[in-house]
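# Analysis of the macromolecular model
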Amino acid sequence: MPTTIVVGTQWGDEGKGKFTDLLAKEMSMVVRYQGGHNAGHTLVVDGEVFALQLVPSGVLYDHIVPVIGNGVVVDPFVLLAEMDMLSRRGIDTGRLRLSGNAHLILNYHQQLDALHERHLGKSKLGTTKRGIGPAYADKSLRIGVRVQDLLDEMIFREKLRAALSHTNKVLTKVYNRLPVDPDMLADKVLSECLEPLKPHIVDTTDLIHDALEADQHVLLEGAQATFLDLDHGTYPFVTSSNPTAGGACTGAGIGPRHVDRVLGVAKSYVTRVGAGPFPTELTDSDGDKIVDIGREYGTNTGRRRRPGWFDTVMLRHAVRVNSLTELAITKLDVLDSFERLRLCVAYDIEGERTEKLPYHQSELHRAVPIYEDLPGWQTDLTEVTEQGQLPEEAHGYLRAIEAQVGVPVKLVSTGPGRSQYVHYS
Ligand code: GDP
Ligand code: IMO
Ligand code: MG
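Values in this document were obtained by computation on a predicted structure and should not be read as measured data. (Residues numbered from 1 in each chain as written. Chains lettered and ligands numbered in written order. Predicted model: local features only at pLDDT ≥ 70, side-chain atom pairs only at ≥ 80, totals over all residues. Heavy atoms only, no water.)

## Here we look at the coordination of the magnesium ion (ligand 3)
Threshold: Here a donor is an N, O or S atom found within 2.8 Å of the metal, or within 3.2 Å if the metal is Na, K or Ca; sites may look incomplete because water is not among the atoms. Helix and strand definitions follow DSSP, with helices as H or I runs of at least four residues and strands as E runs of at least two, each counted in order from the N terminus.
At 2.0 to 2.2 Å from the magnesium ion (ligand 3) lie its protein donor atoms, namely Asp-13 (OD) and Gly-40 (O). Of the two residues, Asp-13 sits in the loop between strand E1 (3-8) and helix H1 (16-24) while Gly-40 sits in the loop between strand E2 (29-32) and strand E3 (41-45), which places them 27 residues apart along the sequence.

Below is the structure:
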């Protein structure tokens, strides 16, 4: 019955992993519904850091069934390496379930991703080069190879040959590269991945529905975020899946009727990795300070994240696109030492004030943020675990966000650790 979606409201890295882990305590199942190992979700438990890419963030709890849903694209080697890393650290991954309908990312997808980016030159997107776009492109072209294909050697080899008869033409004739031998690749994947993955491969849609029918709580964990969404993001500077709440239904195989809670995670400022428009971007010392204090370097690729002030125009849009019921604001502690905080409440587009995200993307490129300035609290929040301990200025900042977007803040994070958060009302 009750299903919660955790969705990023900005350009990723909002702290979805931390809140998924936190909420998982009260859930039975955590499902990743889209994306692949372009995601990097960091959990800090008793000072120990876990950086997850494919395995759902609930995995650290013994009672959780972690599920990789049909909407995810899976590099089987990366998944096995991650499961191995977790096992070596004492985490049982035996309960992990992997959808037979999920598509595989194979070496040629990663090669194509890098080649596309090189081909784009200055106009490159700044992808994670994990093969995400090419794998979803093959899925749409209907030449993708699925997890379930691994279970039938003949089918797997046939599908790989069919996919590569197309892709090898692109590799050799467009990019002047060597072709990939489908049989050699099949040998490698089957010999190294089939046996260890086989016990985990199931019909996850069936599994999720069984859990829902048994009145268990299911959490759908988003990767990436609203403005990286293929349909709703800042196209083409987006990822190739649908991180928004609608994508959660498709990527897990449930209808919207089952969803009763959509938690939008927003960082108390904004960051973005890779290229694309970013109205509140900071290229000054305030930006450097946010990056330094917030350690804004990619979990996955190590790239410096671009920093900016909090943007309520974007968040208002994210509220609508995802039907957000509540907000979690993360990394409030990163703003501890700022004297003045800026909240973008509207954009000025060629002399016209708008509180809505412009429909035409070229306007977003020209949007100049209109700020409301608020006083900082200049107090260490990292020990704060109760609402009453938050200084007046922090309430002022959170209440201003709520007032701008019309959705209540229910959780506030004050540090990376599992216990560093506040229930807010
Ligand atoms: P995700 O991709 O949305 O799961 O976010 P990431 O894990 O990529 O990035 C969030 C980073 O911020 C991680 O390193 C977290 O450990 C860290 N983090 C999460 N919440 C807080 C917080 O409230 N304060 C601080 N200082 N760090 C946080
Ligand atoms: P999490 O789940 C931040 C960005 C890349 C690039 C664009 C397309 O940790 O929030 P892709 O490799 O997906 O084709 O790259 O999307 N991107 C992310 N940025 N956090 C992520 O995931 C991201 N996953 C992809 O930087 O701009
Ligand atoms: Mg991340």
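The structure having been displayed, the exposition proceeds.
## Points about the environment of Leu-60
Put simply, the test is: It only takes one pair of heavy atoms within 4.5 Å for two residues to be counted as in contact.
Relative to the elements of secondary structure, Leu-60 occurs in the loop between strand E4 (48-52) and strand E5 (65-68). For the pair formed by Leu-60 and Lys-25, sequence separation is 35 residues and the distance between their alpha carbons is 9.6 Å. Not counting chain neighbours up to four residues away, the residues in contact with Leu-60 comprise Asp-21, Leu-43, Val-45, Phe-50, Ile-91 and Arg-418.

## What about the site of ligand 2?
Selection criterion: Near is defined per residue: the residue qualifies when any heavy atom it owns lies within 4 Å of the molecule or strand. Pairs of N or O atoms within 3.5 Å make up the polar contacts considered here, provided that, within protein, one atom can donate a hydrogen while the other can accept it, and that residues adjacent in sequence are counted only when both atoms are side-chain atoms. Note on areas: these come from Shrake-Rupley sampling with a 1.4 Å probe, and a residue is covered only by the protein chains present in the view.
The full set close to ligand 2 counts 20 residues, and Lys-16, His-41, Thr-128, Gln-224 and Thr-239 are the nearest of them. Within the contact set of ligand 2, an oxygen atom lies 2.7 Å away from a side-chain nitrogen or oxygen of Lys-16. One of the side-chain N or O atoms of Thr-239 is found 2.6 Å from an oxygen atom in ligand 2. Taken by itself ligand 2 offers 550 Å² of open surface, and the protein chains cover 97% of this.

## A word on empty space enclosed by the protein
To locate leftover empty space, one rolls a probe as large as a water molecule over the atoms. As a reminder, the rule being used: In this analysis, the protein atoms alone were mapped onto a 1 Å grid. Cavities are point sets where a 1.4 Å probe fits without being able to get out; pockets are open sets with protein on both sides within 12 Å along at least five of seven lines; lining residues have an atom within 4 Å of a point. Grid points are joined across faces, edges and corners, and a volume is the space filled by probe spheres set on the points. Residues are grouped as follows: nonpolar covers Ala, Val, Leu, Ile, Met, Phe, Trp, Tyr, Cys and Pro; charged covers Asp, Glu, Lys and Arg; every other residue, Gly included, is treated as polar.
Taken as a whole and judged by the stated rule, the model has 1 cavity of 30 Å³ or more. Roughly 30 Å³ of internal volume is contained in the largest cavity. Among the residues forming the lining of the largest cavity, the class breakdown is 3 nonpolar, 2 polar and 1 charged.

## Observations regarding the side chain of Glu-402
The residue Glu-402 is located in helix H12 (residues 392-405) in this model. If sequence neighbours within four positions are ignored, Glu-402 has contacts with Val-407, Pro-408, Val-409 and Tyr-424.

## Some details on the site of ligand 1
Near ligand 1 there are 19 residues, and of these Gly-15, Lys-16, Gly-40, Asp-333 and Ser-413 occur at the shortest range. The backbone of Lys-16 places a nitrogen or oxygen atom 2.8 Å from an oxygen atom of ligand 1. Within the backbone of Gly-415, a nitrogen or oxygen atom sits 3.0 Å from an oxygen atom of ligand 1. In isolation ligand 1 exposes 580 Å². Once the protein is present, 91% of that is buried. The set of elements that each furnish at least two residues to the shell around ligand 1 consists of H1 and E3. Of the residues in the shell around ligand 1, the class split is 3 nonpolar, 9 polar and 7 charged.

## Some thoughts on the sheet that holds strand E11 (residues 259-267)
Going by this rule: The rule for pairing is simple: two strands pair if DSSP sees at least two bridges between them.
Overall, mixed pairing links the 10 strands, which are arranged E9-E7-E5-E2-E10-E1-E11-E15-E19-E20 in an open sheet. The two strands at the open ends of the sheet, each matched to only one other strand, are strand E9 (201-202) and strand E20 (421-423). Inspection of the sheet shows E5 paired to strand E7 (residues 97-99) by 2 bridges, in the parallel sense. From the neighbouring strand, Ile-68 faces E7, where its bridge partner is Leu-98.

## Some words on the side chain of Arg-272
Heads up, the condition is: Relative accessibility decides the category of a residue: with a 1.4 Å probe and only protein chains considered, values under 20% of the type maximum give buried, values over 50% give exposed, and everything between is partly exposed. Asp and Glu count as negative and Lys and Arg as positive, but His and the ends of the chain are not part of the count. For this document, the term salt bridge refers to a Lys or Arg side-chain nitrogen within 4 Å of an Asp or Glu carboxyl oxygen.
By the secondary structure assignment, Arg-272 is in strand E12 (residues 270-272). No salt bridge is formed by the buried Arg-272; the nearest opposite charge belongs to Glu-281, separated by 8.1 Å. Aside from chain neighbours lying at most four places away, what touches Arg-272 is Trp-11, Leu-228, Thr-234, Phe-237, Pro-277, Phe-278, Arg-305 and Arg-306.

## A closer look at the packing of helix H3 (residues 107-120) against helix H5 (residues 153-174)
Defined as follows: An axis is simply a line fitted to the C-alpha atoms; with a helix, the fit covers only the stretch in contact. Between two such axes, the angle follows the N-to-C directions and lies from 0 to 180 degrees. Each angle gets one of four labels, with under 35 degrees taken as roughly parallel, over 145 as roughly antiparallel, 65 to 115 as roughly perpendicular, and the rest as oblique. The hand of a helix crossing depends on one turn: near helix anticlockwise from the far one by less than a right angle means left-handed, and clockwise means right-handed.
Where H3 meets H5, the closest approach of the two axes is 11 Å, and the angle between their N-to-C directions is 25°. Here H3 lies roughly parallel to H5, going by the angle between them. Judged by the sense of rotation from one axis to the other, the crossing of H3 with H5 is left-handed. On H5, the residues touching Tyr-108, Gln-111, Leu-112 and Leu-115 of H3 are Leu-160, Ala-163, Leu-164, Thr-167, Val-170 and Leu-171. Residue classes in the contact of H3 with H5 are distributed as 8 nonpolar, 2 polar and no charged.

## With respect to the pattern of salt bridges
Close approach of charged atoms allows side chains with opposite charge to pair. Evaluated as defined, the whole model comprises 24 salt bridges. Here Arg-157 ties to Asp-187 by a salt bridge, and the two come within 2.6 Å at their closest N and O atoms. One end of the pair, Arg-157, is in helix H5; the other, Asp-187, is in helix H6 (residues 182-197), with 30 residues separating them in the sequence. Given a relative accessible area of 15%, Arg-157 falls into the buried group. By relative accessible area, which is 39% here, Asp-187 ends up partly exposed.

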